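# An overview of the molecular structure
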Amino acid sequence: VLLQAYGGGLVQPGDSLRLFCVASGGTFRSYVMAWFRQAPGTEREFVAAIKENGRSTFYGGSVKGRSTISRDNAKNTVYLQMNNLKAEDTAVYYCAAGHPITAAADTEGAYYYWGQGTLVTVSS
């Protein structure tokens, strides 16, 4: 499965941004999809995940309440809508695909495929 993430850029604090990740070469609807992020000098951090049918979602504590993950299985695409962005949201955002059990949906090692990342910079 090839994953390609898009939508990053330079935004100001308080702005909104929507990232999207397009999958090809596999059965998109069979994968749990997730977003992780990595800021300079830090470890990769879980942002959000969504189950195969889109009915269950999970969020990391740092974005909970400010972000929404969604998917369109007909378009092989997963989205991450981020609102009220803060400087600490600055990071490279990666999409990932895998078959984690629910308890491991926030675990980096549970995902098999990774996109190349898209940089989000929040700065005034």
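Look above for the structure.
Quick look at the structure, then. Because the structure is a prediction, the values reported are computed rather than measured.

Rules of the game
- Residues numbered from 1 in each chain as written.
- Predicted model: local features only at pLDDT ≥ 70, side-chain atom pairs only at ≥ 80, totals over all residues.
- Heavy atoms only, no water.
- Core = buried A, V, L, I, M, F, W, Y, C linked by side-chain atoms within 4.5 Å.
- Buried < 20%, exposed > 50% of the residue type's maximum accessible area, 1.4 Å probe, protein only.
- Contact = heavy atoms within 4.5 Å.
- Pairing = 2+ DSSP bridges.
- Helix = DSSP H or I, 4+ residues; strand = E, 2+ residues; numbered from the N terminus.
- Axes fitted to C-alpha atoms, helices over the stretch in contact; angles between N-to-C directions.
- Phe/Tyr/Trp six-rings, centres within 6.5 Å; stacked < 30°, edge-to-face > 60°.
- Lys NZ or Arg CZ within 6 Å of the ring centre and 35° of its normal.
- Disulfide = S-S within 2.5 Å.
- Polar contact = N/O pair within 3.5 Å; in protein donor to acceptor, adjacent residues only side chain to side chain.

In terms of nonpolar packing, the biggest core is built from 26 residues, with L19, M33, W35, V78, L80, M82 and Y93 touching the most fellow members. Non-local contacts of V78, meaning those with residues more than four positions away in its chain, are made with L19, F20, C21, F28, M33, W35, I50, I69, S70 and R71. A34, F46, A104 and A110 belong to the second largest nonpolar core, which has ten residues in total.

Now for the sheet that holds strand β3 (residues 17-24). Pairing in this open sheet of four strands is antiparallel, and the strands run β1-β3-β8-β7 from one edge to the other. The open sheet has two edge strands with one neighbour each: β1 (2-6) and β7 (67-72). Looking at each pair of strands side by side, their axes are set apart by 15 degrees on average, direction ignored.

This part takes up the packing of aromatic side chains. Here the distance between the centres and the angle between the planes together describe a pair of aromatic rings. Summed over all chains, the structure comprises seven aromatic pairs. Look at Y112 and Y113: their rings are 6.0 Å apart centre to centre, the planes differ by 90 degrees, and that puts the pair in the edge-to-face class. Here Y113 falls in the partly exposed class, since its relative accessible area comes to 28%. Above the face of the Y94 ring, R44 is positioned so that its terminal group lies 4.2 Å from the ring centre. The cationic tip of R44 hangs over the ring face of W114; the distance from NZ or CZ to the ring centre is 4.6 Å.

This model, assessed by the stated rule, comprises one disulfide. The disulfide that involves C21 links it to C95, with 2.1 Å between the sulfurs. Across the S-S bond linking C21 and C95, the dihedral sits near 60 degrees, which makes this disulfide right-handed. Of this pair, C21 sits in strand β3 while C95 sits in strand β9 (residues 91-98), and the two are 74 residues apart along the sequence. When sorted by exposure, C21 lands in the same class as C95, which is buried.

Attention shifts here to the environment of Q116. On the secondary structure map, Q116 appears in the loop between β10 (111-114) and β11 (118-122). Considered as a pair, Q116 and L17 are 99 residues apart in the sequence and their alpha carbons are 18 Å apart. From its side chain, Q116 meets the backbone oxygen of A5 in a polar contact 2.9 Å long.

Further remarks concern unusual backbone geometry. Of note in this structure, N76 is not a glycine but carries a positive phi near 55 degrees. Using a relative accessible area of 26% as the deciding quantity, one classes N76 as partly exposed. Non-glycine residue N84 carries a positive phi angle of around 50 degrees. Looking at where N84 falls in the secondary structure, it is placed in the loop between β8 (77-82) and β9. According to the relative accessible area criterion, N84 is partly exposed, its value standing at 42%.

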